[in-house]
Amino acid sequence: MRIEAYTQVQQVYNMSKAVRTQKTAKAGAADKIQISSMGKDYQTVKAAVAGTPDIREEVAAPVKERIQNGTYEVDTESFAEKLFRKYNEMR
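For every chain, the first residue of the written sequence is number 1, and numbering continues from 1 onward in sequence order. In view of the model being predicted, local features appear only for residues whose pLDDT reaches at least 70, and side-chain atom pairs are presented and counted only at 80 or more, with totals across whole chains, interfaces and linings using the full set of residues. Hydrogen atoms and water are omitted, and side-chain values are computed over all heavy atoms in the structure.

Undergrad: Tell me about the overall build of the protein chain, and name the residues and values.
TA: Numbered from the N terminus, helices here are DSSP runs of H or I no shorter than four residues, and strands are runs of E no shorter than two. When its secondary structure is counted, the protein chain shows 4 helices and 0 strands. Secondary structure elements of the protein chain occur, N-terminal to C-terminal, as α-α-α-α. Working definition: with a 1.4 Å probe on protein chains only, accessible area under 20% of the residue-type maximum means buried, over 50% means exposed, and in between means partly exposed. Of all 91 residues assigned to the protein chain, the portion counted as buried reaches 1%. Reported accessibility uses the Shrake-Rupley method at a 1.4 Å probe radius. Residues are deemed covered only where the shown protein chains occlude them. Of the roughly 9400 Å² of accessible surface on the protein chain, 57% is carried by carbon and sulfur atoms.

Pasting the structure below:
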């Protein structure tokens, strides 16, 4: 490789950087953003979901109480059937 050719290539890259910098400096216009109605709906739904609790206490409280009392029982046949059905859906 010739050293002169490397210098010429480097000069080309340096010139393109300078040109890009000048173009962006000239633009100077204020940026604008416009959100679509779908985006606004998404933001509304996201805010509503963030405001709701992760756990429904009215459903979880009785189960917690039964677990603490030792009276909570799981129907093993029903559990196994649901587990098997879910497994088949995933395949």
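Undergrad: Can you lay out a nonpolar patch on the surface for me, pointing to particular residues and giving the numbers?
TA: Together, I67, Y72, V74, F79 and L83 give the surface a local cluster of nonpolar side chains, amounting to about 520 Å² of exposed area. Mapped onto the elements, Y72 comes out in the loop between α3 (57-69) and α4 (76-90). The exposure class assigned to Y72 is partly exposed, which follows from its relative accessible area of 39%. What goes into a patch is any residue over 30% in relative accessible area without a salt bridge, connected to like charges within 9 Å or, for nonpolar side chains (Val, Leu, Ile, Met, Phe, Trp, Tyr), within 5 Å. A pair is scored as a salt bridge if a Lys or Arg side-chain nitrogen falls within 4 Å of a carboxyl oxygen belonging to Asp or Glu.

Undergrad: With reference to specific residues and values, describe the pattern of salt bridges.
TA: A side chain of one charge can pair with a side chain of the opposite charge when the charged atoms of the two come close. One pass over the structure, following the stated rule, counts 2 salt bridges. The salt bridge involving R85 is made with E81; its shortest N-O contact spans 3.2 Å. With a gap of 4 residues between them, R85 and E81 both fall in helix α4, about one helical turn apart. Residue classification places R85 among the partly exposed residues on the basis of a relative accessible area of 43%. Residue E81 is classed as exposed on the basis of its relative accessible area of 52%. Between E89 and K86 there is a salt bridge, and its shortest N-O distance comes to 4.0 Å.

Undergrad: Would you mind going over α3 in detail, with residue names and values included?
TA: Expected helix span is given by 1.5 Å per residue-to-residue step, counting one fewer step than there are residues. Taking 1.5 Å as the rise per residue, α3 with 13 residues should run 18 Å; its terminal C-alpha atoms sit 18 Å apart, in good agreement. G70, located one to two residues past α3, shows a positive phi value of around 85°.

Undergrad: An account of the environment of Y72 is requested, with residue identities and associated values reported.
TA: Separated by 10 residues in the primary sequence, Y72 and P62 place their C-alpha atoms 9.7 Å from one another. Setting aside chain neighbours within four positions, we find Y72 in contact with V63, R66 and I67. For this analysis, residues touch if any pair of their heavy atoms sits within 4.5 Å.

Without other data, these values stay purely geometric and don't point to any function.
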